[in-house]
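# Report on the structure
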Amino acid sequence: MKLGRYRNKRKYEPILPGPREWPVVQISRNRKQFVQDVSDAAFERIKSITRNKTALIEELETTLFKEKARIRENSWKVDPDDDNAFWSGVKSKLLDISQSKNKNSEEVDLILKEIIHRYASEIAGNFNTSHYRFARAIATFGFNRLLNAARIKKFGSFWSDRLTMNDKIQINGEVEKLREMAKKGTIVIVPTHSSNLDSILIGWVIYTLGLPPVIYGAGLNLFNISIISYFMNSLGAYKVDRRKKNIIYLETLKAYSTLALKKGAQSLFFPGGTRARSGKIERELKLGLLGTAIEAQRINFQEKGDKAEKIFVVPVSLNYHFVLEAPSLIHQYLEKQGQERYYVENDEFSSSYKIITFLFKFFTKGSNISVSIGQPMDVLGNNVDNEGNSIDKYNRKLQVQDYFTFQENITVDKQREEEYTRMLAGKIVTQYCKIARVFSSHLVAFAAFEMLRKRNKKLDLFSLLRLPDEDIIISYNEFRKVCKDLKDKILERVEEDKMSVAEHMHEPIDNIIEHGLYNVGMYHSKRPLIKTKSGDITTMDMNLLYFYRNRLDGYGLEKYV
Amino acid sequence: MALKNMFRKPIGVIGAGSFGLAVANLLAENNKVLIYARNIEVVDAINTAKSWNKYKMHDNVHAINDMQQLAEKCEVIFPVIPSANFREMMQTLSPFLHPYHILIHATKGLDLNLPKGKTLVDMETLERHHIKTMSEVIMDESMVVRIGCLAGPNLAREIAQGLPAATVIASHFNEVIQIGQQLLRSDRFQVYGNPDLTGIELCGVLKNIIAIASGALSGMELGENARALLISRGMVEMIYLGRAMGGKTESFIGLAGIGDLVATSTSTLSRNFTVGNRLAKGENLDSILGDMQEVAEGVNTIRICKKIADSFKIRAPITEILHRVLFEKITMEEAVQYLMKYPLNVDVDFM
């Protein structure tokens with residue numbers, strides 16, 4: 001089946017001429033100094049949290065305990081060889097301090113500094129311009145070759161340039177404004193996160209839009225694989241180790257992000273923290289890294305007053321018909337919901353083979369992806385005009401530094417900034433819900449699941465997911481009607497500027513349904529929705545259906561089923 | 001008296017009702033205060049005679065009639081005006097406000113934010129976004145985010161007499177709570193903090209319903225057992241309604257909840273109590289409201305909360321029966337009978 005083709009073939013010029021001006025280059029050129037700066041800042045942060053020496057020693061002991069446990073129970077290839085030796089060293093030094101009579105606080109500080117410096121060096125990225133160029137060229141070249149080889153079944157098509165990434169991925173939304181703001185200040189991109197593909201995709205988007213490379217936190221587990229590790233490093237990633245949940249590490253990470261933002265490095269956070277396991281649009285955001293945007297903005301004002309560089313936060317929604325990891329994600333989600341059981345983070349991208357199979361599937365089968373760029377906002381979540389001035393909803397200009405001001409001075413108040421972070425997170429979530437593009441596949445999954453739910457009102461979620469096969473058949477006519485009603489409701493909200501849809505959602509309903517059924521979770525061995533021989537609708541995997549259904553969760557659309 | 005504080009700018013108060021004047025006087029003990037009054041007579045009286053409406057004003061209080069001036073001169077402002085005028089006041093004030101302003105309001109009512117052209121009667125069901133607390137109105141209408149609210153057993157006349165009392169300042173910002181404490185605290189005035197802004201606002205709003213009922217009990221001379229019954233069941237009802245609108249249970253058992261509830265339900269000084277009292281003695285609502293000098297928020301609150309109880313499917317027998325007394329003309333005696341026959345609930349099921 002063919003739907004009309006919609007294209008956006010625009011090419012964007014880079015907004016900064018050469019890599020020399022890229023802040024990320026500045027940082028990595030002075031990597032040693034930067035790591036030192038981060039260490040100093042992190043040291044100050046931790047000292048201000050731990051009020052006295054006893055509290056600090058306690059913090060160090062907790063950290064030591066957790067790190068020892070990590071090494072024992074969950075060590076990775078990427079961990080440095082001297083990990084064990086280092087922490088044993090910390091242990092004996094702490095022991096010395098606890099036994100010595102005159103408790104010297106300088107020694108305690110020294111241990112803290114040592115740990116921080118180790119963390120900071122581990123986190124710090126290793127951006128390199130020529131590696132960046134090379135990696136990007138490889139990626140683009142590879143993608144295009146794969147795409148052409150797969151799509152145009154003709155001898156020699158491997159070298160054809162008929163199809164490029166542009167055909168595969170649509171970018172829409174506030175593209176021009178994003179580029180404009182990137183010239184005027186520092187951009188923080190905050191995308192939704194549902195797949196490991198996100199990092200690669202967003203990297204490509206940033207390059208396509210002519211933006212300088214961003215720095216972003218990538219899970220340390222990805223660095224286990226040397227080839228990915230090379231790409232990640234080249235593309236400006238710094239490392240985030242989700243196993244390390246101790247305060248010293250987290251504060252070092254925040255210090256890193258704050259300092260990089262302060263230096264004007266465009267950054268990217270996945271504010272949902274990890275991939276959305278339920279398939280829902282993220283509504284609870286992690287505030288830690290997000291807060292560094294607010295902190296960096298305040299420091300800019302403190303240091304430079306009216307001339308301070310402004311930080312803009314740009315929500316981005318990544319929309320898929322298909323999420324490779326869906327089966328294991330939803331499994332983990334349900335397991336967690338079902339009972340409070342701890343699960344070890346297993347990762348589906350553990351081998352190069354799996355990634356290549358995935359990429360091949362991605363390119364060979366025609367599932368399109370869309371990327372929606374939201375409205376750039378200031379760090380308080382206010383809209384900005386084309387000049388980058390913050391405006392309220394009545395279009396009145398406002399000064400962001402006023403939010404940090406009391407009696408005409410910029411004041412530092414951690415709790416105030418935490419509250420601001422919560423407010424910003426709220427604004428980001430509102431934008432996610434508005435810009436997330438509804439695809440045919442989301443519609444059909446939602447319709448089917450909610451019809452089954454309505455039919456079995458008395459069952460709770462977990463019983464519903466275990467419905468026997470004969471109870472999960474939906475007649476096509478009923479299904480069509482529900483899909484149509486839902487589509488009309490959704491389009492109404494699009495009119496009110498509360499939701500967004502892909503262009504294919506304006507097609508006649510039968511086309512939409514067919515398109516949706518074809519695309520929803522298309523590469524899974526068990527398809528979330530299929531047509532039976534008699535033309536009715538059923539599912540091969542309720543959990544997966546639930547996962548894809550969840551994309552439309554939280555809009556209050558259930559009542560129209 | 002030497003000013004002992006660190007606030008360089010005067011503190012603003014908007015509204016010269018009895019509580020506005022009381023707040024201005026409390027603030028004036030440590031600070032210069034600018035009070036905005038709509039009525040130029042009031043401004044003159046405060047500035048020249050240092051007294052208005054039987055209240056003697058502190059020397060540090062200066063009255064003005066210009067919102068813009070108030071916003072330019074003051075960084076911390078206490079709006080203390082009836083909820084019915086609150087949004088309009090914010091719209092006038094808003095162009096002069098900046099994000100550095102701090103607003104701590106003391107208004108104990110709700111604002112309705114219905115679709116254009118609709119009234120409460122037209123609405124089949126209410127959703128949460130149709131109802132706004134005053135802090136939400138401030139957020140709606142201005143760029144101010146550091147917002148707080150003042151609530152607690154604070155009968156204006158007792159405060160004017162210098163009797164000991166305490167209040168709660170609620171805000172999401174510790175900063176706002178601390179500033180409020182520094183500004184208001186004195187030897188005879190304690191100030192507690194609470195982060196549950198919505199909850200504390202709702203305490204002040206919802207207790208007015210019970211105060212009307214309590215006034216009615218007094219009017220019918222039903223005794224103190226009945227009042228104790230009313231207060232304790234009333235609090236349960238406040239908790240149900242309050243939670244449905246986003247307040248936390250804990251807030252209702254604190255000073256601004258049970259504390260204020262006891263004060264307003266037992267004091268003949270309270271306006272809402274007076275409404276209930278006169279209703280029970282057979283007067284009708286229009287004539288009572290007609291000759292009251294100041295607004296009794298409880299009447300409007302009952303109209304809104306009845307609708308909320310229906311829409312959110314909450315058991316709120318006191319609110320419902322008062323609604324019938326006020327707007328469907330049943331008598332207070334019938335109302336009491338209805339409540340006494342109401343099927344029993346579990347005593348405490350909200351903890």
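Residues numbered from 1 in each chain as written. Chains lettered and ligands numbered in written order. Predicted model: local features only at pLDDT ≥ 70, side-chain atom pairs only at ≥ 80, totals over all residues.

So, about the overall build of chain A. Helix and strand content of chain A: 20 helices and 16 strands. Counting only contacts in chain A whose residues sit at least 6 apart along the sequence, the fraction spanning at least 24 positions is 76%. (Helix = DSSP H or I, 4+ residues; strand = E, 2+ residues; numbered from the N terminus. Contact = placed C-beta atoms within 7 Å.)

The next point concerns the overall build of chain B. Secondary structure assignment for chain B yields 16 helices and 12 strands. Computed over C-alpha atoms, the radius of gyration of chain B comes to 20 Å, within 12% of the 20 Å expected from 2.2 N^0.38 for 351 residues, which places it in the range of a compact globule. Taken along its principal axes, the extent of the C-alpha atoms in chain B is 60 × 40 × 40 Å. Out of the 351 residues belonging to chain B, those deemed buried represent 52%. Of all intrachain contacts in chain B linking residues separated by at least 6 positions in sequence, the fraction that spans at least 24 positions is 71%. (Rg over C-alpha atoms; globule rule 2.2 N^0.38 Å. Buried ≥ 20, exposed ≤ 12 C-beta atoms within 10 Å, placed from the backbone.)

With that out of the way, let us pick up the UniProt feature "binding site: NADPH" (unreviewed entry) in chain B. Residue and element names in this part refer to chain B. Per the UniProt record, "binding site: NADPH" (unreviewed entry) is found at S18, F19, R38, Y55, K108, A156, R271, V295 and E297. Mapping A156 onto the fold places it in helix 6 (residues 156-160). Not counting chain neighbours up to four residues away, the residues in contact with A156 comprise S18, F19 and A22. For V295, a count of 19 C-beta atoms within 10 Å corresponds to the partly exposed category. In this view, V295 contacts P82 and A84; residues no more than four positions away in its chain are not counted. (UniProt positions renumbered as here; feature names shortened; annotations may be inferred.)

This part covers the nonpolar core. One finds A448(A) and I35(B) to be the most contacted residues of the largest nonpolar core, which totals 251 residues. Excluding residues that lie within four positions of it along the chain, I35(B) makes contacts with V13(B), A16(B), G20(B), A24(B), I46(B), V61(B) and A63(B). (Core = buried A, V, L, I, M, F, W, Y, C linked by C-beta atoms within 7 Å.)

Here we take up the sheet that holds strand 9 (residues 390-391) of chain A. All names here are of chain A. Here we have three strands laid out as an open sheet, ordered 8-9-10, and antiparallel in their pairing. If you trace the sheet from one side to the other, it starts and ends with strand 8 (383-384) and strand 10 (397-398), each paired once. In this structure, strand 9 lies alongside strand 10, joined through two bridges in antiparallel fashion. From the neighbouring strand, I391 faces strand 10, where its bridge partner is K397. (Pairing = 2+ DSSP bridges.)

So, about the interface of chain A and chain B. The interface of chain A with chain B comprises 12 residues on the first partner and 11 residues on the second. Contributing elements (two or more residues each) for the side of chain A that touches chain B: strand 11 (405-406) and helix 15 (414-435) of chain A. Tallying contributions element by element places helix 15 of chain A first for the side of chain A that touches chain B, with four residues. Considered class by class, the residues forming the side of chain A that touches chain B number four nonpolar, three polar and five charged. (Nonpolar A, V, L, I, M, F, W, Y, C, P; charged D, E, K, R; others polar.)

Here we come to the sheet that holds strand 2 (residues 185-191) of chain A. Residue and element names in this part refer to chain A. Pairing is mixed across the open sheet formed by seven strands, whose spatial order is 1-7-6-2-5-3-4. Taken across any chain shown, the strands that pair with only one partner, and hence form the sheet edges, are strand 1 (169-173) and strand 4 (237-240). Inspection of the sheet shows strand 3 (residues 215-219) paired to strand 4 by four bridges, in the parallel sense. Bridge pairing links Y216 to A237 in strand 4.

All names here are of chain A. Here chain A is described as being made up of domain 1 (126-309 + 350-435) and domain 2 (437-560). Listed as interface residues are 12 residues of domain 1 and, on the opposing side, 14 residues of domain 2. The set of elements that each furnish at least two residues to the side of domain 1 that touches domain 2 consists of strand 7 (369-373) and helix 15. For the side of domain 1 that touches domain 2, the per-class residue count stands at two nonpolar, five polar and five charged. (Domains from an automatic or database assignment.)

Reading fine detail from the predicted coordinates is not recommended where pLDDT is low. All names here are of chain A. Put simply, chain A has an average pLDDT of 83, and 86% of its residues get 70 or more. Ignoring residues within four places in sequence, the model shows residues 1-8, a span with pLDDT below 50, making 10 contacts including any to other chains. Throughout residues 340-347 the model reports pLDDT below 50, and contacts reaching past four residues in sequence, or to other chains, amount to seven contacts. (pLDDT = per-residue confidence, 0-100.)

When a strand is regular, its side chains alternate between the sheet's two faces. All names here are of chain B. Of the two faces of strand 5 (residues 61-64), only one is covered, namely that formed by V61 and A63; the face formed by H62 and I64 stays uncovered. Bridge analysis of strand 2 (residues 33-36) against strand 5 gives four bridges, and the strand direction is parallel. Opposite I35, over in strand 5, you have A63 as the bridge partner.

What follows deals with the environment of E297(B). All names here are of chain B. Inspection of the secondary structure assignment puts E297 in helix 14 (residues 297-312). C-alpha separation for the pair E297 and P153, spaced 144 residues apart in sequence, amounts to 16 Å. Not counting residues within four places of it along the chain, the set of residues in contact with E297 comprises P82, S83, K108, G109 and N208.

What follows is about helix 9 (residues 197-208) of chain A. The terminal C-alpha atoms of helix 9 of chain A, which comprises 12 residues, lie 16 Å apart, in line with the 16 Å expected from a rise of 1.5 Å per residue. Among the 12 residues that make up helix 9 of chain A, nine are buried, leaving the element largely enclosed by the rest of the structure. (Expected span 1.5 Å × (residues − 1).)

All names here are of chain B. Taking the numbering used here, the UniProt-annotated feature "binding site: NAD(+)" (unreviewed entry) corresponds to G15, A16, G17, S18, F19, G20, A156 and R271. For G15, a count of 25 C-beta atoms within 10 Å puts it in the buried group. Setting aside chain neighbours within four positions, we find G15 in contact with G20, P79, V80 and I81. Within the secondary structure layout, F19 lies in helix 1 (residues 18-28). Setting aside chain neighbours within four positions, we find F19 in contact with V80, A106 and A156.

This part covers the domain arrangement of chain B. Residues and elements named next belong to chain B. As far as domains go, chain B holds domain 1 (11-195) and domain 2 (199-341). Computed over C-alpha atoms, the centres of domain 1 and domain 2 are 23 Å apart. Facing 29 residues of domain 1, the contacting portion of domain 2 comprises 29 residues. Every element with two or more residues in the side of domain 1 that touches domain 2 is listed here: helix 4 (83-93), helix 5 (134-141), strand 10 (146-151), strand 11 (165-171) and strand 12 (189-194). If one sorts the elements of the side of domain 1 that touches domain 2 by residue count, strand 11 sits on top with three residues. Partitioned by chemical class, the residues of the side of domain 1 that touches domain 2 number 17 nonpolar, nine polar and three charged.

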